[in-house]
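Spelled out from the first residue to the last, the chains are:
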Amino acid sequence: GKRLANIIRIRINPYDLLRKTLTISKLFAYDVNIDTLESILLDFSSADSAEENGIPFAFELQNIRLKLLPFSRYGIDVEKEDLSVDSVYYDGNSFSVGNLRQSAHTSLGTVELEGNYHDRFLDMEYLTIGQLDLERLGKLMKNILSTLTTDVDGNITEKNKQIFLPRVIHAGKLDLRLQP
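Residues numbered from 1 in each chain as written. Predicted model: local features only at pLDDT ≥ 70, side-chain atom pairs only at ≥ 80, totals over all residues. Heavy atoms only, no water.

Participant: Would you mind showing me how to read unusual backbone geometry here?
Facilitator: What you tend to see is this: most non-glycine residues have negative phi, and most peptide bonds are trans. The phi dihedral of Tyr 74 falls on the positive side, at around 55°, and the residue is not glycine. With respect to the helices, strands and loops of the structure, Tyr 74 is situated in the loop between strand S4 (71-73) and strand S5 (76-90). The backbone phi angle of Arg 120 is positive, close to 65°, even though this residue is not glycine. You can see Arg 120 is positioned in the loop between strand S7 (110-118) and strand S8 (121-132). (Helix = DSSP H or I, 4+ residues; strand = E, 2+ residues; numbered from the N terminus.)

In structure tokens, the structure reads:
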């Protein structure tokens, strides 16, 4: 298989395994392969996999620092991304992140944000995007909108629920600088 990261340091709370929750009280990972990470998360969310491997399918992380390898998602290339997070909870059905700080150099622009994520609601204290590429932003929105469908009553629903993508985004302070 593919390597998850070049360096990983963790501290685990074994008591929470009794609650069928893996609690990691400290996590530092350098040069994280996002494809491998997503594959692991999908394995944890599968009830069959959890029962088959005896692995808890809920986990809680605290005091996280990640430096990701370059990757592409939703039509956006990410050259460099650093994440610092106070807490993360994931159980296959819900995904929550507390006190997130992100810095990324992407094909969309240079992104800095601070906020939290709960029940697909991204609440940012601030969001700064430098050198914003409006054409790529339009493609990203088109890609996200393509995951939506309208039922017979006119209600908009998602074809595939992506718990890692926000449904609602709020920014307390927004600073956008466009490309010339």
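Continuing now.
Participant: Please explain the environment of Glu 60 as it appears in this structure.
Facilitator: With respect to the helices and strands, the residue Glu 60 is situated in strand S3 (residues 58-68). For the pair Glu 60 and Leu 22, spaced 38 residues apart in sequence, the C-alpha to C-alpha distance is 6.1 Å. With residues up to four places along the chain from it excluded, the contact list for Glu 60 reads Arg 19, Thr 21, Leu 22, Thr 23, Ile 24, Val 88 and Tyr 89. (Contact = heavy atoms within 4.5 Å.)

Take it as geometry only, folks, not as evidence of what the structure does.
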